Amino acid sequence: MGQVEFIGLIAVLFATIAFSIDAMLPALPEIAAELSPEAPNAAQLILTSFVLGMGIGTLFAGPLSDAFGRRPVILAGAALYCVSALVAYVSPTLEGVLVARLLQGLGSAGPRVVSLALVRDLYKGREMARVVSFAMMIFTLVPAVAPFIGQGIIWVAGWRGIFLAFVVFSALSMLWFWLRQPETVPATARRPLRWQVLRAAFVEVLSHRVVVLSIAVQTLVFACLFATLSATQPILDQVHGEGERFPLWFALIAVVSGTASLINARLVVRLGMRRMVTVTLGAQVVFSAVMLAAKAGGVWPPALAFPAHLLWTTGVFFMVGLTIGNLNALGLEPVGHIAGMAASVMGAIATVASVVLAAPVGLMFDGTAYPLMGGVAVFALAGWGLMRVMPR
């Protein structure tokens, strides 16, 4: 297929993750009321359990795709994703839904990780970063509309109907993939699925300092993202009284922050990936510190409190668009000959570790935005420090 269609397909595969997370955001109050009324913050685990499963699955999807090819692994992962969504649809308890969501995340790792390896099979270096950035730009349209879709489904079929929408979305995207995308790893280039081979590849990936630092910074950026995703709906609802208009505000955040990927695609070839990430994280640290100080000092009048928080939240998503594509390209560049394994190791460690960091921040919600803003400031500062010592 041509590059434009390829970018569109990769964007749709990426979007499986965004749709699976963001469409659930409007459902959190209803899930809390029905399944965990005594601990409403526990409903946020609907999001992080999916991310945790995705992180675990990420470790296996890449090696499997190196051994059996990209297409079988993406299609098998989508099948597990759909079956798990149906299990979540019928589960009567929060624990049952969380287990199903973890398995759903496990299945989503196929499209998520192997699509990155697919890009690395066909592109490299800054051109790879450019392709990923354009795919991310299209992908950001999904967070803009996913809460609206979720809210509409809730009105028509209740919050459980969202899981049926996941099945339909995945089936359509897999049909496109199956019909149009050929295999990119010929049989002669596949790596046998043996423990010794996997161990050697794992050691090689983690032997590169650039790769290790890229994973660490990705962990911190993802922690900022997942903590913000978990806490934004409760903050907008309980702190600012904007629960009914949450899909609208979230769409605005997604559309504005989506321009970050377009900006990155245009600047990364000229400025370089390291500089883009370092400057972005430094700007986030300063921005969060200023907003926290202004909030604590009572600088914002009541009428400006909500617009100020909306601006800060947009800044967090904007930061992700300017960093993740570059960090993936930085990490995969030295290990292109084992792109599947490298993508798996990077994605698995960064995702699982980020959940460990982000989940407590989200659960610390106490009726204010202070825990979230403070957590993001600390994560961004640590990421900026690591970028400063990343070798060229």
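Residues numbered from 1 in each chain as written. Predicted model: local features only at pLDDT ≥ 70, side-chain atom pairs only at ≥ 80, totals over all residues. Heavy atoms only, no water.

Under an unreviewed UniProt entry, the name given to the protein chain is Multidrug effflux MFS transporter, and the organism recorded is Paragemmobacter amnigenus. One UniProt comment on the protein chain, placed under Subcellular location (unreviewed entry), says "Membrane". (UniProt positions renumbered as here; feature names shortened; annotations may be inferred.)

Below, the discussion takes up the overall build of the protein chain. Broken down by element type, the protein chain carries 15 helices and zero strands. Along the first, second and third principal axes, the C-alpha atoms of the protein chain reach 65 × 50 × 35 Å. In the protein chain, buried positions account for 59% of the 392 residues. Here the contacts in the protein chain between residues at least 6 apart in sequence split such that 87% fall between residues at least 24 apart. Roughly 15,200 Å² of accessible area belongs to the protein chain as shown, and the carbon and sulfur atoms make up 71% of that amount. (Helix = DSSP H or I, 4+ residues; strand = E, 2+ residues; numbered from the N terminus. Buried < 20%, exposed > 50% of the residue type's maximum accessible area, 1.4 Å probe, protein only. Contact = heavy atoms within 4.5 Å. Areas by Shrake-Rupley, 256 points an atom, 1.4 Å probe, with all protein chains shown as cover.)

It is worth spelling out helix α12 (residues 273-296) at this point. Between its first and last C-alpha atoms α12 spans 35 Å; for 24 residues at 1.5 Å apiece the expected length is 34 Å, and the two agree. Burial in α12 covers these residues: M273, M276, V277, T278, T280, L281, G282, Q284, V285, S288, M291 and A294. Positioned one or two residues after α12, G298 has a phi angle of 70°, which is positive. (Expected span 1.5 Å × (residues − 1).)

In this structure the tally under the stated criterion is nine aromatic pairs. Between F163 and F166 the ring centres are 5.8 Å apart and the planes differ by 80°, which places this aromatic pair in the edge-to-face class. Residue F163 and its partner F166 are both found in helix α8 (residues 161-180); the two are separated by three residues, about one turn of the helix. Considered together, F163 and F166 belong to a single accessibility category, that of buried residues. Seen from their ring centres, F222 and F226 are 5.6 Å apart, and the 10° between their planes marks the pair as stacked. Here the residue F222 and the residue F226 both occupy positions in helix α10 (residues 209-239), the gap between them amounting to four residues, near one helical turn. The class for F222 is buried, based on a relative accessible area of 8%. (Phe/Tyr/Trp six-rings, centres within 6.5 Å; stacked < 30°, edge-to-face > 60°.)

Turning our attention to the environment of S49. Locating S49 in the fold gives a position in helix α3 (residues 45-68). In this structure, the C-alpha to C-alpha distance between S49 and L98, residues 49 residues apart in sequence, is 6.1 Å. Those residues in contact with S49, other than ones at most four positions away along the chain, are L98, R101 and L102. From its side chain, S49 meets the backbone oxygen of L45 in a polar contact 2.7 Å long. (Polar contact = N/O pair within 3.5 Å; in protein donor to acceptor, adjacent residues only side chain to side chain.)

What follows deals with the layout of surface pockets. A volume near 210 Å³ is recorded for the largest pocket. If you trace the largest pocket, you find it lined by L59, F60, P63, L64, L193, W195, L198, R199, F202 and M341. Listed by contribution, the elements that provide at least two residues to the lining of the largest pocket are α3 and α9 (195-206). Class assignment for the residues of the lining of the largest pocket results in nine nonpolar, no polar and one charged. When its volume is computed, the second largest pocket comes out at roughly 170 Å³. The wall of the second largest pocket is formed by G57, F60, A61, L64, V73, A76, G77, L80, L106, G107, A109 and G110. At the level of elements, α3, α4 (70-90) and α5 (94-122) are the ones that each hand at least two residues to the lining of the second largest pocket. (1 Å grid on protein atoms, 1.4 Å probe; cavity = no way out; pocket = protein on both sides within 12 Å on 5 of 7 lines; lining within 4 Å. Points joined across faces, edges and corners; volume = space filled by probe spheres on them. Nonpolar A, V, L, I, M, F, W, Y, C, P; charged D, E, K, R; others polar.)

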